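Residues per chain are reported as follows:
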Amino acid sequence: MSKLALSDDILMSVEKPARYIGGELNIVRKSLSDIDIRFAMCFPDVYEIGMSHLGIQILYEMFNRREDTYCERVYSPWPDLHKIMKDKDIPLFALESQDEVRNFDFLGITLQYEMCYTNVLQILDLSKIPIWQKDRSDDDPIVIGGGPCTYNPEPIADFFDLIYIGEGEVSYDELLDLYKDMRKSPDYSRELFLRAAAHVKGIYVPSLYDVTYNEDGTIHSFLPKEYNNGADYIYKGFFGNDINIPSTPPKVVNRVVLANLDDGAYPTKPIIPYIKATQDRVVLEIQRGCIRGCRFCQAGMIYRPNREKSLELLKNQAYDMIENSGHEEISLSSLSSSDYSKLPELIDYLIEICREKHINISLPSLRIDAFSLDVMSKVQDVRKSSITFAPEAGSQRMRNVINKGLTKEDIVKGSNMAFKGGWNKVKLYFMLGLPFEEDDDIKAIPELGNEIAANYYDIVPKEERNGKCQITMSTSFFIPKPFTPLQWAPMYPKEEYLRRAHLVNDTMKEQLNKKSLRYHYHEADLSVIEGVLARGDRKLSKALYYIYTNGGIFDAWSEFYNDELWMEAFEKCDISLEFYAYRERDIDEILPWDYINVNVTKAFLKREWENAKKGVVTPNCREQCSGCGAKVYGSGCCVK
Amino acid sequence: MKVRVRFEKKGVLKYIGHLDMMRYFQKAISRAELPIAYSEGFNPHQIMSFGNPLGLGMTSSAEYMDIELLEKIPSIEGINRLNEQMVPGIKILSFRYLPDKAKNAMSSTEASSYKIRLSDKLQAELGDLRDISNRIDDFMSLNECIITKKTKKSTRELDILPLIYEFDYRDDYFYIKCSSSSGDNIKPEVIMSEFLRFLGFELKLDRVNLHIERLDIYGLEDGNFISLDSIGIDKN
């Protein structure tokens, strides 16, 4: 039987030891003597969350298709094990081989949400890799980050050797080939490799840039350093290639995009965890990017252009994944799934194979119309399930500000249709604290809920009702994100967020149908911190280090998040909430992420910010091209 | 038709709990495409039930799962098709068709047998195990050995000696066969702990210092213990 990194008495003393033993069905096993590159791929959160993430599974599949590379998985040890590993000085290990991460060539960390940053430090620390990039030696792994938070990696830039900006399918082969060529040569040095890597498309090397600041704290300049007295350097690669390393890294890092999604690797033999992962189902990615252009939505901007996978490929992948996993459920993954052009054909096919194999279909939130209600009635128990709308704002004025093309009429028509079809539960998602939001816009949220409830009692005769209707409204607090038209917008102190949430609640209690309405809202303090990290700069790294070294981990978990510790760190490190969260950015200010070119141009974002101020709606990509810049990729909806 | 599947669970699989094993087998049966029966409704599930849960930290050569099939497949084929879907550490040992009136594995259970090895650390504390094992007969000859059993609702006193059917020591292992019926389920670590207490050792025994393997589970037939495995028959 395979060896484990942790002893029996440790495993028997921690919660869910299966998180740490590996050996799951469909993992890749390779002989170390056959490979050149060991890649540890980490999701910096607990196993059950990390194992549910599709992106990591895609990369795991892609890396392991390379004969010279062995990719293994790493997740954050839960606080119980964290303490034991610190006390007993046990280094962090990868699941497959149970070998220490510090002996790998690469440690890849996916950055899915800002609140995982303290867990990134935990991973580095437990791995015994120097936390600060500048302290690493040639023998430490190359630490590379990817994922949505890399569209402003500055708060964590000092902890990473490389940041991959864009879709993993594009540049990793080139990067790994380059590494192999340089690493095997006797002249290898970390700095030379990083300088060479800076010229691989989509690769950003934070240590090669200098930032200077104005007196008010904003960025004065962000420039690449010059090396070798301005002369290129020729490096003799192990395989005989001359590797030309220019003296200066590129000024701008361009996001890379996979033009044809059908060409990408896909995990059709998914790993099946022993313990229940959050996503205990087949996940089928049907498209990337979104045509809608909601102004608050980062994913809607940074994954442009919208590209669909072909129907035939999706059918094959769905079939194979069901066969190879034995999962009892399948769900579709994408932004705005209703926009996938062959959705009816795909769902017909899924219904057919799933009926035969007794598999449940869990539908993503579809636009509510006759089609989706018909599909839902086929795959769900109408009396138990609910229908979902994401109006994001309560009033039409605010929905125009954020360019959410869902009208009150759409919502009323959709919910009425659903009530006639037997549903009586409706969920509504909103944001509070959007720019230009006024109290009337906030009150419009419960008023909309009330109107939907009133329609239920009008439409459905008493004898046909399945009890009261149940309208559940949830609000999160708006957090401005880089590369969105609202990236310049101010946030508010948590007291103001709570005032707005209470206004929703109080207004709800005044409604005629208040007994049919329910309301939930998110934590306000966490939202402010997330906002600081999302738009922060390199000065934040000291605060993150302070928080981690003072015991802060798993900050994405509200039970572990310690607001006092964060405030203490900000004070000690001179981080002002006023500067990072509450102020509106000047339109000409150099933003920390300006050196990244996502090919959604700043001119377009500025235009959209102006449109937001005026409440002018911009058509979606299929109706009319608005010239965002993503056309340069020459794929997806831009070329149809 | 009902089939009883026996499998072993070894090595690192001891860290996988009972509910996770059930989900593991649900998926394995789907992958193996066994003709299993499903329940009705919007969320159909496979008709399956498991024998006595194995505690976390124990290994076993006798785990039982009863499944309902829609059509007959040869036993050897059932074993092979499932084994193709197993991870290292789990192995299907038998696939036997049960008589129609057979009770499921859980409610048939009357007794279980275990093989126990003491951790090196524990052995060092106890001294020569042969000396210790020579006292088993003395322990078994006591008038009574009362333990306090706590359930959710009450605590009750129970004499465990009549519930221990076999207690031996051979080649570094203790072997215990004891009651595991729903009314009088005795854990092997409780027996070991009482035995050592009788010898004057007050020790906290758990699954780190006792390595326990379940060897088999038994039902009753004509007053004799019979392996749950022997209740069914192989079919071609």
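Note that the structure is predicted; figures quoted are calculated from it, not measured. (Residues numbered from 1 in each chain as written. Chains lettered and ligands numbered in written order. Predicted model: local features only at pLDDT ≥ 70, side-chain atom pairs only at ≥ 80, totals over all residues. Heavy atoms only, no water.)

Examining the domain arrangement of chain A
Residue and element names in this part refer to chain A.
Okay, so step 1: According to the domain assignment, chain A contains domain 1 (8-21 + 33-250) and domain 2 (259-380 + 598-640).
Okay, so step 2: Computed from C-alpha atoms alone, the centre-to-centre distance between domain 1 and domain 2 is 28 Å.
Okay, so step 3: The interface is formed by 21 residues belonging to domain 1 together with 22 residues belonging to domain 2.
Okay, so step 4: Approximately 1900 Å² of surface area, both sides summed, lies buried where domain 1 meets domain 2, with 65% of it carried by carbon and sulfur atoms.
Okay, so step 5: On the domain 1 side of the contact with domain 2, Leu54, Tyr151 and Glu167 bury the most area, a combined 28% of that side's loss.
Okay, so step 6: The tally of links between domain 1 and domain 2 comes to three salt bridges.
Okay, so step 7: The salt bridge partner of Arg307 is Glu167, with a shortest N-O separation of 2.8 Å.
Okay, so step 8: Those elements giving two or more residues to the side of domain 1 that touches domain 2 turn out to be helix 2 (47-50) and helix 3 (54-65). (Domains from an automatic or database assignment. Contact = heavy atoms within 4.5 Å. Buried area = accessible area lost by both parts, 1.4 Å probe. Salt bridge = Lys/Arg side-chain N within 4 Å of Asp/Glu carboxyl O. Helix = DSSP H or I, 4+ residues; strand = E, 2+ residues; numbered from the N terminus.)

A closer look at the sheet that holds strand 12 (residues 282-285) of chain A
Residue and element names in this part refer to chain A.
Okay, so step 1: In spatial order, the strands read 12-15-16; together these three strands make up an open sheet with parallel pairing. On the outer flanks of this sheet lie strand 12 and strand 16 (360-362), each paired with one strand and no other. Ignoring which end each strand starts from, the neighbouring axes of this sheet average 25 degrees apart.
Okay, so step 2: Here four bridges tie strand 12 to strand 15 (residues 329-333), and the two strands are oriented parallel to one another. In the sheet register, Val282 faces strand 15, and the bridge partner there is Ile330.
Okay, so step 3: Packed onto the sheet, helix 10 (residues 343-357) meets strand 15 and strand 16 and runs at close to 170 degrees relative to strand 15. (Pairing = 2+ DSSP bridges. Axes fitted to C-alpha atoms, helices over the stretch in contact; angles between N-to-C directions.)

With respect to the environment of Asp586 of chain A
All names here are of chain A.
Okay, so step 1: Its place among the elements puts Asp586 in the loop between helix 19 (577-582) and strand 21 (596-597).
Okay, so step 2: Along the sequence, Asp586 and Trp488 sit 98 residues apart, while their C-alpha atoms lie 7.0 Å from each other.
Okay, so step 3: Looking at Asp586, its side chain comes within polar contact range of the main-chain nitrogen of Asp588, at 2.9 Å. (Polar contact = N/O pair within 3.5 Å; in protein donor to acceptor, adjacent residues only side chain to side chain.)

Some thoughts on the environment of Leu565 of chain A
Okay, so step 1: Note on placement: Leu565 of chain A falls in helix 18 (residues 563-572).
Okay, so step 2: For Leu565 of chain A, the contacting residues outside a window of four places in its chain are Tyr546, Ile547, Asn550 and Gly552 of chain A.

A closer look at the interface of chain A and chain B
Okay, so step 1: Listed by partner, the interface residues are 34 residues for chain A and 28 residues for chain B.
Okay, so step 2: A combined buried area of about 2600 Å² lies between chain A and chain B, and 63% of that area is made up of carbon and sulfur atoms.
Okay, so step 3: Taken together, chain A and chain B are joined by four salt bridges.
Okay, so step 4: Its salt-bridge partner being Asp8 of chain A, residue Lys14 of chain B comes within 3.0 Å of it at the nearest N-O pair.
Okay, so step 5: Within the residue set of the side of chain A that touches chain B, elements represented by two or more residues are helix 1 (8-11), helix 9 (311-325) and helix 11 (370-379) of chain A.
Okay, so step 6: In the side of chain A that touches chain B, the residues fall into 13 nonpolar, ten polar and eleven charged. (Nonpolar A, V, L, I, M, F, W, Y, C, P; charged D, E, K, R; others polar.)

Notes on the packing of helix 4 (residues 79-88) of chain A against helix 5 (residues 117-127) of chain A
Residues and elements named next belong to chain A.
Okay, so step 1: The interhelical angle for the contact between helix 4 and helix 5, taken along N-to-C directions, is 35 degrees, at an axis separation of 11 Å. The handedness of the crossing between helix 4 and helix 5 comes out as left-handed. Counted together, His82, Met85 and Lys86 of helix 4 and Gln122, Asp125 and Leu126 of helix 5 form the full contact between these two elements.
Okay, so step 2: Partitioned by chemical class, the residues of the contact of helix 4 with helix 5 number two nonpolar, two polar and two charged. (Left-handed = near helix turned anticlockwise from the far one by under 90°.)

Side note on a negative patch on the surface
Residues and elements named next belong to chain A.
Okay, so step 1: Together, Glu438, Asp440, Glu447, Asp506 and Glu510 make up a region of like negative charge exposed at the surface.
Okay, so step 2: Following the sequence through the fold, Glu447 ends up in helix 14 (residues 439-459).
Okay, so step 3: For Glu447, a relative accessible area of 38% corresponds to the partly exposed category. (Patch = residues over 30% accessible without salt bridge, like charges linked within 9 Å, V, L, I, M, F, W, Y side chains within 5 Å. Areas by Shrake-Rupley, 256 points an atom, 1.4 Å probe, with all protein chains shown as cover. Lys, Arg positive; Asp, Glu negative; His and termini not counted. Charge placed at Lys NZ, Arg CZ, Asp CG, Glu CD. Buried < 20%, exposed > 50% of the residue type's maximum accessible area, 1.4 Å probe, protein only.)

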